[in-house]
Amino acid sequence: MASMLRSFCVKAPRLLFNFKLRLVNDGGGGQSLITRALSSAVSPPSKAIIYEVHGPPDAVTRLVEVPPVEVKENDVCVKMLASPINPSDINRIQGVYPVRPEPPAVGGYEGIGEVHSVGSAVTSLSPGDWVIPSPPSFGTWQTYIVKDHNVWHKIDKGVPMEYAATITVNPLTALLMLEDCITLNSGDAIVQNGATSMVGQCVIQLAKSRGIYNINIIRDRPGVDEVKERLKNLGADEVFTENELEVKNVKSLLDGIPEPALGFNCVGGNAASLVLKFLRHGGTMVTYGGMSKKPVTVSTSSFIFKELCLRGFWLQKWLSTDKAEESRRMIDRLLGLAQDGKLKYKMELAPFNDFNTALDKALGKLGSQPKQVIKF
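Residues numbered from 1 in each chain as written. Predicted model: local features only at pLDDT ≥ 70, side-chain atom pairs only at ≥ 80, totals over all residues. Heavy atoms only, no water.

Colleague: Quick question: what am I supposed to make of the sheet that holds strand β16 (residues 309-312) here?
Modeller: Through backbone hydrogen bonds, the strands of a sheet pair up, either in parallel or in antiparallel fashion. The 6 strands lie next to each other as β13-β12-β11-β14-β15-β16, forming an open sheet whose pairing is parallel. Of all the strands in the sheet, the pair left with one neighbour each is β13 (238-241) and β16. Each strand axis lies, on average, 20 degrees off the axis of its neighbour in the sheet, ignoring direction. Relative to strand β11 (residues 189-193), helix α7 (residues 269-278) is tilted by about 170 degrees, and along the sheet it contacts β11, β12 (213-218), β13, β14 (262-265), β15 (284-287) and β16. (Pairing = 2+ DSSP bridges. Helix = DSSP H or I, 4+ residues; strand = E, 2+ residues; numbered from the N terminus. Axes fitted to C-alpha atoms, helices over the stretch in contact; angles between N-to-C directions. Contact = heavy atoms within 4.5 Å.)

Colleague: Would you mind showing me how to read helix α6 (residues 224-234) here?
Modeller: Counting along an α-helix, one turn takes 3.6 residues, and residues three or four places apart therefore face a common direction. What α6 keeps buried is the set Val-224, Val-227, Lys-228, Leu-231 and Leu-234. Buried residues in α6, looked at end-on, bunch into an arc of 120 degrees, giving them a common side. In α6, the exposed residues that point more than 90 degrees away from the buried face are Asp-225, Glu-226 and Asn-233. Contact partners of the buried residues in α6: α5 (198-209), β12 and β13. Looking one or two places after α6, you find Gly-235, whose phi comes out positive at around 125 degrees. (Buried < 20%, exposed > 50% of the residue type's maximum accessible area, 1.4 Å probe, protein only. Arc of directions from axis to C-beta.)

Colleague: Honestly, the sheet that holds strand β6 (residues 105-106) in this entry has me stumped. Any pointers?
Modeller: Read across the sheet, 3 strands follow the order β4-β3-β6 without closing on themselves; strand pairing throughout is antiparallel. Every interior strand has two partners, whereas the edge strands, β4 (61-66) and β6, have only one.

Colleague: Which parts of the structure should I look at to understand the packing of aromatic side chains?
Modeller: A ring pair, where both rings are aromatic, is described by two values, the distance of the centres and the angle of the planes. According to the stated counting rule, one finds 6 aromatic pairs in the structure shown. Here the aromatic rings of Tyr-109 and Phe-138 are separated by 5.4 Å at their centres, their planes lie at 35 degrees, and the arrangement is tilted. Of this pair, Tyr-109 sits in the loop between β6 and β7 (112-118) while Phe-138 sits in the loop between β8 (130-133) and β9 (144-148), and the two are 29 residues apart along the sequence. A relative accessible area of 9% places Tyr-109 in the buried class. Judged by its relative accessible area of 28%, Phe-138 is partly exposed. Geometrically, the ring pair formed by Phe-240 and Phe-278 is stacked, given 6.2 Å between the ring centres and 20 degrees between the ring planes. With Phe-240 in strand β13 and Phe-278 in helix α7, this pair connects stretches of sequence that are 38 residues apart. Cation over ring: Arg-92 sits above Tyr-109, and NZ or CZ is 4.1 Å from the ring centre. (Phe/Tyr/Trp six-rings, centres within 6.5 Å; stacked < 30°, edge-to-face > 60°. Lys NZ or Arg CZ within 6 Å of the ring centre and 35° of its normal.)

Colleague: How should I be thinking about α7 in this particular structure?
Modeller: Counted residue by residue, α7 has 7 buried out of 10 residues, so it is predominantly covered. All of the buried residues in α7 are Gly-269, Ala-271, Ala-272, Leu-274, Val-275, Leu-276 and Phe-278.

Colleague: It is not clear to me how the pattern of salt bridges should be interpreted in this structure. Could you clarify?
Modeller: Two side chains carrying opposite charge are able to pair once their charged atoms lie near each other. One pass over the full model with this rule turns up 11 salt bridges. Lys-365 serves as the salt-bridge partner of Asp-58, at 2.9 Å between the closest nitrogen and oxygen. Remark: Lys-365 occurs in the loop between α11 (355-362) and β18 (371-375) and Asp-58 occurs in helix α1 (residues 57-60); sequence separation between them is 307 residues. Taking relative accessible area as the criterion, Asp-58 reaches 40% and is therefore assigned partly exposed. (Salt bridge = Lys/Arg side-chain N within 4 Å of Asp/Glu carboxyl O.)

Colleague: Explain the pairing of β9 to me, please; I cannot follow it from the model alone.
Modeller: Moving residue by residue along a regular strand, the side chains alternate between the two faces of the sheet. By the criterion of burial, β9 is predominantly enclosed, with 4 of the 5 residues buried. In this sheet, β9 lies alongside strand β5 (residues 75-84) in antiparallel orientation, the contact comprising 5 bridges. The residue of β9 that forms the bridge with Val-78 is Ile-145.

Colleague: What is the right way to look at the pairing of β5 in this model?
Modeller: In terms of burial, β5 is a largely internal element, 9 of the 10 residues being buried. Bridging between β5 and β7 involves 6 bridges; their strand directions are antiparallel. Residue pairing for β7: Lys-79 is matched across the bridge by Glu-114.

Colleague: I keep staring at the environment of Phe-240 and nothing clicks. Help me out?
Modeller: The buried category is assigned to Phe-240, whose relative accessible area is 9%. Between the alpha carbons of Phe-240 and Asn-193 there is a distance of 9.5 Å; along the sequence they are 47 residues apart. Non-local contacts of Phe-240, meaning those with residues more than four positions away in its chain, are made with Ile-215, Asn-216, Ile-217, Ile-218, Leu-245, Leu-253 and Phe-278.

Colleague: In this structure, what is going on with the environment of Asn-185? I would like to understand it.
Modeller: Tracing the chain through its elements places Asn-185 in the loop between α4 (170-180) and β11. The spatial distance from the C-alpha of Asn-185 to the C-alpha of Arg-210 is 7.8 Å, given a sequence separation of 25 residues.

Colleague: Just checking my understanding: could you explain the nonpolar core for this structure?
Modeller: Of all hydrophobic cores here, the largest spans 51 residues; its most connected members are Ile-112 and Phe-264. Elements that contribute at least two residues to this core include exactly β5, β8, α3 (161-166), α4, α5, β14, α9 (315-319) and α10 (324-339). If sequence neighbours within four positions are ignored, Ile-112 has contacts with Met-80, Leu-81, Ala-82, Trp-130, Val-131, Ile-132, Ile-155, Met-161, Ala-164 and Ala-165. (Core = buried A, V, L, I, M, F, W, Y, C linked by side-chain atoms within 4.5 Å.)

Colleague: When you look at the side chain of Arg-92 in this model, what are you seeing that I'm missing?
Modeller: Checked against the element boundaries, Arg-92 lands in helix α2 (residues 87-94). Ignoring anything within four residues of it in the chain, the contact list for Arg-92 reads Tyr-51, His-54, Tyr-97, Val-99, Arg-100, Pro-101, Tyr-109, Phe-138 and Gln-316.

Colleague: How should I be thinking about the confidence of the model for the protein in this particular structure?
Modeller: Confidence along the protein averages 89 in pLDDT terms, with 89% of residues attaining 70 or more. With pLDDT under 50 throughout, residues 1-39 is counted as low confidence; its partners more than four residues away or in other chains account for 100 contacts. (pLDDT = per-residue confidence, 0-100.)

Colleague: How should I be thinking about the packing of α4 against α10 in this particular structure?
Modeller: For any two helices packed against each other, one specifies the inter-axial angle together with the distance between the axes. One can describe the packing of α4 onto α10 by two numbers: an axis separation of 10 Å at closest approach and a directional angle of 110 degrees. Taken together, the axis directions place α4 and α10 in an arrangement best described as roughly perpendicular. Here α4 contributes Pro-171, Leu-172, Leu-175, Leu-176 and Glu-179 to the contact with α10, which in turn contributes Ser-327, Met-330, Ile-331, Arg-333 and Leu-334. (Parallel < 35°, antiparallel > 145°, perpendicular 65-115°, else oblique.)

What follows is the structure, encoded as structure tokens:
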């Protein structure tokens, strides 16, 4: 537990006193001892969702109270406002994500907070500012966090809180895949599976804003017509279920839309094969997830005769390559779209004291649910 305390903070600053003794001249040729009190700010007792071992999130996480920590001269103490429960958060707790903190650890990786206090050397931020950890930072499921000022990126307080809390992982992934994988122009087309995911919803809207046609594949489910309508209201050009694509020539369904140059796969298995069916000669499929836990299988003809390219995308790897400033500029673009109502996705705010229910929803124990965002 001691290794976690550096990340914790409390509500109101107190003073932590250290005493330094030194010799001074007493004016009579001798020396005497004086005591000087040195003070530094700390935060008050915080609450956090921690796990001390890897395992099922609903079994190994618990709410604890954490003592104050010192706010050093370059530190910022942030009162967290909201933080989502992402699939990668669940995988870190399970111990299966490639990069994860060693337990004991606090859950969470992105979020939005308000500056509570700053260290004596910090001039870039002030109490009351809204900030996000950028690049994302472990341990956002807690009421107060103390970290170096360089971790925090100031944002406009006019952005809806739940969008600010969720902008760094999924919307940024969507934007990067659209802009960094291949060059797309207005009039081109893309195809994706997992279209109802947060990344999928963002891809639809960002592609539409650039005049790029988007073809979307969803799983067969009850109420599928309502799901299709919701995606088309976001800007989807075509939405197909997997069963609807069990035909010999899927491209006959495109109704004048050009063959896609780029495809996104976050499912694997048959859903990935359907993306490959749509791609034009020389097209690229980018895999950024594997929700079905089934492998991506590719026919020999796809490589030899269609010359398709397959590649992967992992946001955390991209952020680790000295991209902090570029990512912040892109995040500001996305926040601007959200503030203007041009980027939308379904979320549900959950009170911090009801974390267990939110976690059950995120784990799929209560059926299909919107993205769960913890509100502190």
